[in-house]
Amino acid sequence: MWTNTVVVGLVGLLVIWLGNWIRRWRNPKCNGILPPGSMGFPLIGETLSLIIPSYSLDLHPFFKTRIQRYGTIFRTNIAARPAIISVDPEFNNFLLREEGRLVELWYLDTFSKIFTLEGESQVNAVGAVHKYLRRTVLNHFGIVSLREKLLPQLEQVVNKALSSWSAQDSVEIKQVASSLSLEFGAKQIFSYDAESSPTSITEALSRILNGLLSFPLNIPGTAYHQSLKDRNKLVSMLKGIVKERQNSPEFNQGDMLDQICMDREKEKFLSEDFIVYFIFAILFVTFESVSSVIAVAISMLSENPSVVEEMIAEQEAILKNRQNPNSSLTWDEYKSMTFTHNVINESLRMGNTAPGLLRRAIKDIPVKEFTIPAGWTIMMVTSAQHFSPNTFHNPLEFNPRRWKELDSTVTSNNFTPFGGGGRQCAGAEYSRVFMATFFHVLLTKYRWTKIRGNIFRNPILGFGKGVYIKFYKK
Ligand code: HEM
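Reading guide: rules and limits
The numbers attached to residues start from 1 for each chain and follow its sequence in the written order. Predicted model: local features are reported for residues with pLDDT of at least 70 only, side-chain atom pairs are reported and counted for 80 or more only, and whole-chain, interface and lining totals are derived from all residues. To get the side-chain values, all heavy atoms of the structure are used, and hydrogens and water are removed first. Helix and strand labels come from DSSP, where a helix needs a run of H or I of at least four residues and a strand needs a run of E of at least two; each type is numbered from the N terminus. The globule rule used here is 2.2 Å times the number of residues to the 0.38 power, and the radius of gyration it is set against is calculated over C-alpha atoms. Burial status follows relative accessibility: with a 1.4 Å probe on protein chains alone, a residue under 20% of its type maximum counts as buried, one over 50% as exposed, and anything between as partly exposed. The criterion used for residue contact is that any of the two residues' heavy atoms lie within 4.5 Å. Shrake-Rupley sampling with a 1.4 Å probe provides the accessible areas, and residues are treated as covered by the protein chains on show and by no other component. All tallies of charge rest on Lys and Arg as positive and Asp and Glu as negative; His and the ends of each chain are not included. Charged side chains are reduced to one point each, which is NZ for Lys, CZ for Arg, CG for Asp and CD for Glu. Strand pairing requires that DSSP identify at least two bridges connecting the strands. In this analysis an axis means a line fitted to C-alpha atoms, helices contributing only their contacting stretch, and an angle means the value between N-to-C directions, from 0 to 180 degrees. Any carboxyl oxygen of Asp or Glu within 4 Å of a side-chain nitrogen of Lys or Arg constitutes a salt bridge here. Listed donor atoms are N, O and S within 2.8 Å of the metal (Na, K and Ca: 3.2 Å). As water is not included, a site may look incomplete. Among buried residues, those of type Ala, Val, Leu, Ile, Met, Phe, Trp, Tyr and Cys that are joined through side-chain atoms within 4.5 Å constitute a nonpolar core. For the purposes of these results, a polar contact is taken to be a pair of N or O atoms within 3.5 Å, where, inside protein, one atom must be able to donate a hydrogen and its partner to accept one; residues adjacent in sequence count only when each atom of the pair is a side-chain atom. What makes a crossing left-handed is the near helix being turned counterclockwise from the far one by less than a right angle; a clockwise turn instead makes it right-handed. Think of it as three bins: nonpolar holds Ala, Val, Leu, Ile, Met, Phe, Trp, Tyr, Cys and Pro, charged holds Asp, Glu, Lys and Arg, and polar takes everything else, Gly as well. Two rings belonging to Phe, Tyr or Trp (six-membered ring only in the last case) form a pair when the distance between their centres is within 6.5 Å. Interplanar angles under 30 degrees mark stacking, angles over 60 mark edge-to-face geometry, and anything in between is tilted. Working rule: Lys NZ or Arg CZ, within 6 Å of ring centre, within 35 degrees of ring normal, means a charge sits over the ring.

Some words on the overall build of the protein chain
So, point 1. Helices and strands together make up the secondary structure of the protein chain, namely 17 helices and 14 strands.
So, point 2. For the protein chain, the C-alpha radius of gyration of 24 Å lies close to 23 Å, the compact-globule estimate for 474 residues.
So, point 3. Sorting the 474 residues of the protein chain into buried and exposed places 53% on the buried side.
So, point 4. Counted over contacts in the protein chain with a minimum sequence separation of 6, partners at least 24 positions apart contribute 70%.
So, point 5. On the protein chain, roughly 22200 Å² of surface is accessible, and the fraction owed to carbon and sulfur atoms is 56%.
So, point 6. Averaging the positions of the 52 positive and the 43 negative side-chain charges in the protein chain gives two centres separated by 5 Å.

Focus on the sheet that holds strand β1 (residues 73-78)
So, point 1. The strand order β1-β2-β10-β7-β3 describes an open sheet built from five strands, whose pairing is mixed. The open sheet has two edge strands, β1 and β3 (103-105), and neither has a second partner. In this sheet, neighbouring strand axes are inclined to one another by 35° on average, regardless of whether the strands run parallel or antiparallel.
So, point 2. Here six bridges tie β1 to strand β2 (residues 81-86), and the two strands are oriented antiparallel to one another. Bridge pairing links Arg 75 to Ile 84 in β2.
So, point 3. Sheet contacts for helix α4 (residues 89-97): β1, β2, β3, β7 (357-361) and β10 (377-380); angle to β10, the most-contacted strand, approximately 120°.

Section: the pattern of salt bridges
So, point 1. Tallied over the entire structure, the rule returns 24 salt bridges.
So, point 2. In this structure, Arg 423 and Glu 99 form a salt bridge, with 3.3 Å as the shortest nitrogen-oxygen distance. Note that Arg 423 is positioned in the loop between α16 (408-414) and α17 (428-445) and Glu 99 in the loop between α4 and β3, a separation of 324 residues in sequence.
So, point 3. Between Glu 288 and Lys 174 there is a salt bridge whose closest N-O contact spans 2.9 Å. With a gap of 114 residues between them, Glu 288 in helix α12 (residues 272-302) and Lys 174 in helix α8 (residues 173-190) connect regions that are remote in the sequence.
So, point 4. Glu 288 sits in the buried class, given a relative accessible area of 15%.
So, point 5. Counted as one network, the salt bridges with shared partners bring together Glu 99, Arg 359 and Arg 423.

Observations concerning the coordination of the iron atom of the ligand
So, point 1. Among protein atoms, the single one acting as a donor to the iron atom of the ligand is Cys 425 (SG), 2.2 Å away.
So, point 2. The topology assignment puts Cys 425 in the loop between α16 and α17.

Looking at the nonpolar core
Across soluble globular proteins, nonpolar side chains show a tendency to be buried alongside one another.
So, point 1. Counting 99 residues, the largest nonpolar core has Trp 165, Phe 190, Leu 283, Phe 438 and Phe 439 as the members making the most contacts within it.
So, point 2. Sorting elements by how many residues they give to this core places α12 first, with 20 residues.
So, point 3. Membership of the second largest hydrophobic core comes to 18 residues, among which are Leu 34, Ile 84, Val 103 and Ile 372.

Topic: helix α11 (residues 256-263)
So, point 1. With respect to burial, α11 is a largely interior element, seven of its eight residues being buried.
So, point 2. Its buried side turned inward, α11 meets α6 (127-141), α8, α10 (223-247) and α12.
So, point 3. For α11, the N-terminal capping position is held by Asp 255, with its side-chain oxygen 3.3 Å away from the main-chain nitrogen of Leu 257.

As for the pairing of strand β14 (residues 468-473)
So, point 1. Sheet topology note: the strand β6 (residues 171-172)/β14 ladder contains two bridges and is antiparallel. Note on β14: the bridge partner recorded for Glu 172 is Tyr 468.
So, point 2. In the sheet, strand β11 (residues 446-452) pairs with β14 via six bridges, with the strands oriented antiparallel. Bridge pairing in β14 links Trp 448 to Phe 471.

Observations concerning the packing of helix α7 (residues 143-166) against α8
So, point 1. For the pair α7 and α8, interaxial distance at closest approach is 11 Å and the crossing angle is 145°. Every pair of crossing elements has a handedness; the one defined by α7 and α8 is right-handed. Of the residues in α8, those touching α7 at Lys 149, Leu 150, Gln 153, Leu 154, Val 157, Val 158, Ala 161 and Trp 165 are Ile 173, Val 176, Ala 177, Leu 180, Phe 184 and Gln 188.
So, point 2. For the contact of α7 with α8, the per-class residue count stands at eleven nonpolar, two polar and one charged.

Let's talk about the packing of aromatic side chains
So, point 1. Enumeration over the complete set of coordinates arrives at 17 aromatic pairs.
So, point 2. Taking the centre distance of 5.3 Å and the plane angle of 90° together, the rings of Phe 62 and Phe 63 count as edge-to-face.
So, point 3. Given a relative accessible area of 1%, Phe 62 falls into the buried group.
So, point 4. On the basis of relative accessibility, which here comes to 2%, the residue Phe 63 falls in the buried class.
So, point 5. Following the ring pairs from residue to residue traces out a cluster consisting of Phe 141, Phe 184, Tyr 430 and Phe 434.
So, point 6. Above the plane of the ring of Tyr 472 lies Arg 447, whose end atom (NZ or CZ) is 4.6 Å from the centre.
So, point 7. The residue whose ring lies beneath Lys 470 is Tyr 472, and the NZ or CZ to ring-centre distance is 5.4 Å.

This is the structure in structure tokens:
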């Protein structure tokens, strides 16, 4: 009898504790008024609504419905973290300028664990370390390197890739563009040669990507678990490469890894693990970013033949104006491709490869009549501005010609595909040169048709079963 009473008592206590815990979950502590919103279900928050695919390139419904309900700044919980979502352009630009004072770079636990060693996250680098990383990337992928070294190399690899793609029945554009951009990037980073390497970094990175933005549940069978396993394999391969290079400095390749190894004397933070994770993060960016925009562009252009005609005219005019039509693409020619640049802008606008920029509040941040508590994650959904009808008339239409009329003062505040402030993308010009060179070779030597496939958003770009393209030599 008494055991029944104890059990009933314990259950009662558990119910009270659970009730309190759920109440605290729904109403987190705040030294002021929290922005409106919902914290979703205990533990999983609103993560599921955010990762449901949306079969349109438009802003993901997760954001659209909540903007309608709560306005441009609202609270939620994603991947077990309390978060504030902001689609307010002024507040976002303000936060980008307040880097290091009010906010610091921050990625969801899913990202952090994948790019982290023993709790020390490399993607969150600050101060002198951040300056070093930025300078190193710019040394190898910045304007001087592009103009003097990378542009002709890029033209060669694009020629080789398109020749191989056109020999096949069809190719999945995102996949082949990812290999192209990863292999070119990895060559600059550690002189990677896909043909002689025993490990395909393209395949490993594809699987790692699946785990990103998934729920961080590290048990066998989940995408996140598989992602961590693949991450470990790739990291041990990179460790081997770094060790080998350090043990044989005489094999100087002039790549980014050589520079980092030389800098170890004066930059004491450059431990072996640090170098490996730095290389890993840059590899990841080169793999995923440019290729997504190329895939969006090709898919959109396939349905807009008059835009393709205008691009071809521009690219053929470049050949006609040359003394030797077979000479390599020059920096001035790259700069002169006005309409191609418009197509790249329009593809960046619609592709929105970076769904949002993530930060963590260092201290309580007042905004309007609300307070964002210190420690909370803030997701600045800059991509929402790219679909604002106030700046981009009929925003869901792929219309590169709109850029002929857009005022640069309006776009400088409302078009931020490469972020802004002190953390603006260090690979922005490289990405633009990559895409322009790709289009130059494609439009002067090849044509293509889309066989099947579509792009969607979940909320990062998804390519479903793929977008298949048949390339033909002209
Ligand atoms: C279409 C292609 C790309 C897009 C749309 C893009 C977008 C971005 C964005 C939005 C940020 C800011 C992140 C933040 O503030 O949290 C960023 C940062 C960065 N990106 Fe890119 N990126 C692209 C390609 C690349 C490539 C190819 C590289 C490397 C070669 C690169 C290297 C970097 C680096 C190093 C940073 C950090 C800069 C810093 O913290 O100072 N990006 N990128």
